[in-house]
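Residue-level listing of the chains:
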Amino acid sequence: MAGIFISYRRDDSAGYTGRLVDAMKTCFEPQQIFRDIEAIEAGADFVDAIDQAVASCSVLIAVIGPRWLTATDAKGNRRLDDLNDFVRLEVAAALSRDIKVIPILVGGATMPDVSIMPDALKPLARRQAQEITDRRWDYDVRTLFDAVAKMPGVIKRRQPEPATGTPQPTTPAKRGMSWVVKAVFGAIAVIGALMVIGAIEQADQRNNISLSAPPAMPTQTMSRNDAPASVPTNVVPERQLEAAPASLPTQPTFAPGTTMASRGPITLTGNWRTPDGDAFYIEQSGATLAVLAADANSQQEFMGQGAIRGQQVELTLRHLQSGAMVSMLMNVSPDGRRMVGMAREHVTGSSQNLMLTRE
């Protein structure tokens, strides 16, 4: 079984490391996690034990706190300059064996300056680092564990199976809006608090519509076991959207002979769906919108609010479990049956083209 080696300096990041290891034991088999204070038997040669553990591991996680680079010994000498410093030995051994090393920054630390690092550790500066913060602990740790799980030989911990002979209820995947019908009545108080009664703008919008960024949302605190969920519109990083338009269409295409006066005010209340089957329920009062949304299997649910200004719709949604925020900017078609635009996830900054069709 390949190992996961945790390298850290006790007076720099012991608290963060202990918390990280506790979380790791819930995701990976504990016997493959090596941390010196737990994994070395009494009487064993410390240096030999570390060398053997590093040689057998698939990945070394280097936990770097604010004093990782500058910590000194009793004589005032920098510890990393000591050839027998354990942290130096651990990281240097992994780098020399071409073992994957993941620098983890904690306590507000930044990546050490390569110009003042010992030569044996300078290759560490070329490794992609990941920050783990208290504010986003669950999400950051989940991201790290996803990367570690891809390492050859690393074994994830098996979840306990239900007792045999006990029938387990199953819920078939849903693709309709029945969940909305049930949720609307329970959430009506919340929706009512979010909505402000206003008048629908009826001015002619034949000129180009200027899109502005949605208002900044307050930072959400994530629950302990939930990380930001995927956007229900299959958001992917911008670098993968080479064919995406640089901006949203700002001039709707009208049918021959159609006028703003003949169309009348737009009403968006009702059920909407993306081509991938993601479901949206929109409740409109005046120019203000309240939204409930879920993916095709009703596994990831969102709630939010927004506004309609002429043909332009702005929405901001929040994932009900993790608090992840998603902004959407769209234009409504002349017949009021389609909305086309883009969605952006706040945490990652990734965006995706978006189309909603009224059911």
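As the structure is a computational prediction, the values presented were derived from the model and not from experiment.

Student: Requested: an account of the sheet that holds strand β10 (residues 312–319), with residues and values cited.
Tutor: If you trace the eight strands once around the closed barrel, you get β6-β7-β8-β9-β10-β11-β12-β13, paired in antiparallel fashion. Here the strands of the sheet are splayed against their neighbours by 30° on average, with no regard to which way each runs. Taken together, the two bridges between strand β6 (residues 270–273) and strand β13 (residues 351–358) define a ladder with antiparallel strand orientation. Within the sheet, the bridge partner assigned to Trp272 lies in β13 and is Arg358.

Student: Describe the nonpolar core, with residues and values.
Tutor: In this structure, Phe5, Val54, Leu60, Trp68, Val91 and Leu124 are the most contacted members of the largest nonpolar core, which totals 24 residues. Elements with a minimum of two residues in this core: α3 (46–56), β3 (57–64), α4 (86–96) and β4 (100–105). Counting residues per element, this core draws most heavily on α4, at six residues. Discounting chain neighbours no more than four positions away, the residues touching Trp68 are Arg9, Asp12, Val63, Leu80, Val87, Val91, Pro112, Met117, Leu121 and Leu124.

Student: Residues and numbers for the packing of aromatic side chains, please.
Tutor: Evaluated as defined, the whole model comprises two aromatic pairs. Taken together, a centroid distance of 4.9 Å and an interplanar angle of 20° make the contact between Phe5 and Phe34 stacked. Pair noted here: Phe5 is in strand β1 (residues 3–7) and Phe34 is in strand β2 (residues 33–34), with a separation of 29 residues, a long-range link. The buried category is assigned to Phe5, whose relative accessible area is 1%.

Student: Describe the pairing of strand β12 (residues 338–345), and please don't skip the residues or the numbers.
Tutor: With seven bridges connecting them, strand β11 (residues 325–332) and β12 associate as antiparallel partners. Across the sheet, the residue bridging to Val332 is Met339, located in β12. Joining the antiparallel neighbours β11 and β12 is a turn of five residues, in which Gly336 adopts a positive phi near 70°. Bridge analysis of β12 against β13 gives seven bridges, and the strand direction is antiparallel. Within β13, the residue paired with Val340 across the bridge is Met355. The loop that links β12 with its antiparallel partner β13 comprises five residues; one of these, Gly349, has a positive phi angle of about 75°.

Student: Quick rundown of the packing of α3 against α4? Include the residues and the values.
Tutor: The N-to-C vectors of α3 and α4 enclose an angle of 30°; their axes lie 9 Å apart at closest approach. Looking at the two axes, α3 sits roughly parallel to α4. In the crossing of α3 with α4, the sense of the turn from one axis to the other is right-handed. Contacts between α3 and α4 involve Phe46, Val47, Ile50 and Val54 from the first element and Phe86, Leu89, Glu90, Ala93 and Ala94 from the second. Across the contact of α3 with α4, the residue classes break down as eight nonpolar, no polar and one charged.

Student: An account of the pattern of salt bridges is needed here, citing residue identities and associated values.
Tutor: Summed over all chains, the structure comprises nine salt bridges. The salt bridge involving Asp134 is made with Arg19; its shortest N-O contact spans 3.3 Å. Here Arg19 lies in helix α1 (residues 10–25) and Asp134 lies in the loop between β5 (130–131) and α5 (137–149), a separation of 115 residues in the sequence. Classification of Arg19 as partly exposed rests on a relative accessible area of 34%. Linking Asp119 and Lys122 is a salt bridge whose minimum nitrogen-to-oxygen distance equals 3.2 Å. Judged by relative accessible area, Asp119 falls into the exposed class, the value being 63%. In this structure Lys122 comes out as partly exposed when scored by relative accessible area, which is 29%.

Student: I'd like to hear about the environment of Ile4, residue by residue, with values.
Tutor: Residue placement: Ile4 occurs in strand β1. Once the C-alpha coordinates of Ile4 and Met151 are considered, the two residues, 147 residues apart in sequence, prove to be 9.5 Å apart. When neighbours within four sequence positions are excluded, Ile4 is seen to be in contact with Met24, Phe28, Gln32, Ile33, Phe34, Cys57, Val59, Ile61, Val148 and Val154.

Student: Lay out the confidence of the model for the protein chain in plain terms, naming residues and giving numbers.
Tutor: Per-chain confidence: the protein chain averages 74 in pLDDT, with 67% of residues scoring 70 or above. Within the model, pLDDT remains below 50 along residues 169–231, and this stretch shows 119 contacts once partners closer than five positions in the same chain are excluded. Every residue in residues 233–263 is under pLDDT 50, and counting partners more than four places away or in other chains gives 56 contacts.

Student: How would you sum up the sheet that holds β3? Please name residues and give values.
Tutor: Taken together, five strands build an open sheet; the order of strands is β2-β1-β3-β4-β5 and the sheet is parallel. Both edges of this open sheet fall to β2 and β5, since each of them pairs with a single strand only. Looking at chain direction, β3 and β4 are connected through six bridges and run parallel. Paired with Val59 across the bridge in β4 is Lys100.

Student: Can you lay out the environment of Tyr16 for me, pointing to particular residues and giving the numbers?
Tutor: Residue position: Tyr16 is located in helix α1. Residue classification places Tyr16 among the partly exposed residues on the basis of a relative accessible area of 24%. Sequence spacing of Tyr16 and Gly65 is 49 residues, and the spatial spacing of their C-alpha atoms is 8.9 Å.

The rules behind these values
- Residues numbered from 1 in each chain as written.
- Predicted model: local features only at pLDDT ≥ 70, side-chain atom pairs only at ≥ 80, totals over all residues.
- Heavy atoms only, no water.
- Pairing = 2+ DSSP bridges.
- Helix = DSSP H or I, 4+ residues; strand = E, 2+ residues; numbered from the N terminus.
- Axes fitted to C-alpha atoms, helices over the stretch in contact; angles between N-to-C directions.
- Core = buried A, V, L, I, M, F, W, Y, C linked by side-chain atoms within 4.5 Å.
- Buried < 20%, exposed > 50% of the residue type's maximum accessible area, 1.4 Å probe, protein only.
- Contact = heavy atoms within 4.5 Å.
- Phe/Tyr/Trp six-rings, centres within 6.5 Å; stacked < 30°, edge-to-face > 60°.
- Parallel < 35°, antiparallel > 145°, perpendicular 65-115°, else oblique.
- Left-handed = near helix turned anticlockwise from the far one by under 90°.
- Nonpolar A, V, L, I, M, F, W, Y, C, P; charged D, E, K, R; others polar.
- Salt bridge = Lys/Arg side-chain N within 4 Å of Asp/Glu carboxyl O.
- pLDDT = per-residue confidence, 0-100.

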